[in-house]
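# Architecture at a glance
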Amino acid sequence: MRPIIESDLRGSFVNCSKGETKRLGVPRDLDEQPWDDLDFLGWRDPGAPERGYLVTERDDGTLAGIALRAAPGTARGFTSRSMCSLCLTTHTSGGVALMTARRTGEAGRLGNTVGQYLCADLACSLYIRGKKQTVVGADFDETLSMDERAARTRTNLAAFIDKVLE
């Protein structure tokens, strides 16, 4: 992902009002992100831990940001495993959360949302590149290369964003 600045980040959100984008908590270390290792920028709001945000570059070069809300009570026990629907990384102990995003347009105004099970810390890009490990440690063996796993993650994210934009 290409490096982005705060004003571009705030202007990218498709399912927020302008007031909401002004108030959202931007990562303090935005300039220090490992941009070369990111397929999208994802973070949880430290001031409101139930909120999360994703920003990605679309195929046409534009940025698309999605505001997320973690569903309460989705954490599971240590012996139970869950899988992120974007990167297919498995986690235990609450490492995956059901995140919902308000849809755009009239559907969003009516309260319609789209949900996905995502890595709770939104660090999918780092998991698929081996830069971050889950509590489990080793993941399932895959025959796909790291580049193919990254492409799959971007495809899954694009499908999620398309559902939000419908």
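To start, this report covers the structure provided alongside it. Predicted model only: the values in this text are computed from it and were never measured.

## Some thoughts on the environment of Arg-129
- Of note, Arg-129 is situated in the loop between helix 4 (124-128) and helix 5 (146-165).
- Along the backbone, Arg-129 and Pro-72 are 57 residues apart, and their C-alpha atoms lie at a distance of 29 Å.
- Beyond its immediate sequence surroundings of up to four residues, Arg-129 is in contact with Asp-36, Asp-37, Asp-39, Met-146, Ala-150 and Arg-154.

## Looking at the nonpolar core
- Residues Leu-9, Leu-41 and Leu-68 are the most contacted members of the largest nonpolar core, which totals 43 residues.
- With 6 residues, strand 3 (residues 63-70) is the single largest residue contributor to this core.
- Other than its neighbours up to four places away in sequence, Leu-68 contacts Glu-50, Arg-51, Gly-52, Tyr-53, Leu-54, Met-99, Thr-100, Ala-101, Leu-118, Leu-122 and Phe-160.

## Remarks on the environment of Leu-86
- The topology assignment puts Leu-86 in the loop between strand 4 (81-83) and strand 5 (90-92).
- The exposure class of Leu-86 is buried, given its relative accessible area of 1%.
- Once the C-alpha coordinates of Leu-86 and Thr-153 are considered, the two residues, 67 residues apart in sequence, prove to be 5.1 Å apart.
- Contacts of Leu-86, omitting those with residues within four sequence positions, involve Phe-40, Tyr-117, Leu-118, Cys-124, Arg-152, Thr-153, Asn-156 and Leu-157.

## Some thoughts on the side chain of Arg-149
- Inspection of the secondary structure assignment puts Arg-149 in helix 5.
- A distance of 3.0 Å separates a polar side-chain atom of Arg-149 from the backbone oxygen of Ile-128.
- A polar contact of 3.4 Å, which involves the side chain of Arg-149, links it to the backbone oxygen of Leu-144.
- Ignoring any residue separated from it by four or fewer positions in sequence, one finds Arg-149 in contact with Ile-128, Glu-142 and Leu-144.

## Thoughts on the sheet that holds strand 1 (residues 41-45)
- Ordered in space as 1-2-3-6-7, the 5 strands form an open sheet in which the pairing is antiparallel. Both outer strands of the open sheet, strand 1 and strand 7 (113-119), are each paired with one neighbouring strand and no more. On average, each strand axis in the sheet is tilted by 30 degrees relative to the strand beside it, whichever way the strands run.
- Pairing analysis gives 7 bridges linking strand 2 (residues 48-57) to strand 3, with the strands arranged antiparallel. Paired with Arg-51 across the bridge in strand 3 is Arg-69.
- On top of the sheet, helix 5 reaches strand 2, strand 3, strand 6 (96-102) and strand 7; it is set at about 155 degrees to strand 7, its chief contact.

## Thoughts on the packing of aromatic side chains
- Evaluated as defined, the whole model comprises 3 aromatic pairs.
- Here Phe-13 and Trp-43 contribute two aromatic rings whose centre-to-centre distance is 6.5 Å and whose plane-to-plane angle is 85 degrees, an arrangement assigned as edge-to-face. Of this pair, Phe-13 sits in the loop between helix 1 (6-11) and helix 2 (18-23) while Trp-43 is found in strand 1, placing the two residues 30 residues apart along the sequence. There is no split in this pair, since Phe-13 and Trp-43 are both buried.
- Aromatic pair Phe-13 and Tyr-53: ring centres 5.7 Å apart, planes at 85 degrees, arrangement edge-to-face. With Phe-13 in the loop between helix 1 and helix 2 and Tyr-53 in strand 2, this residue pair connects regions lying 40 residues apart in the sequence.
- Here Phe-13 falls in the buried class, since its relative accessible area comes to 9%.
- The class of Tyr-53 is buried, set by a relative accessible area of 5%.
- Taken together through their ring pairs, the aromatic side chains of Phe-13, Trp-43 and Tyr-53 make up a single cluster.

Procedures and definitions
Residues numbered from 1 in each chain as written. Predicted model: local features only at pLDDT ≥ 70, side-chain atom pairs only at ≥ 80, totals over all residues. Heavy atoms only, no water. Helix = DSSP H or I, 4+ residues; strand = E, 2+ residues; numbered from the N terminus. Contact = heavy atoms within 4.5 Å. Core = buried A, V, L, I, M, F, W, Y, C linked by side-chain atoms within 4.5 Å. Buried < 20%, exposed > 50% of the residue type's maximum accessible area, 1.4 Å probe, protein only. Polar contact = N/O pair within 3.5 Å; in protein donor to acceptor, adjacent residues only side chain to side chain. Pairing = 2+ DSSP bridges. Axes fitted to C-alpha atoms, helices over the stretch in contact; angles between N-to-C directions. Phe/Tyr/Trp six-rings, centres within 6.5 Å; stacked < 30°, edge-to-face > 60°.

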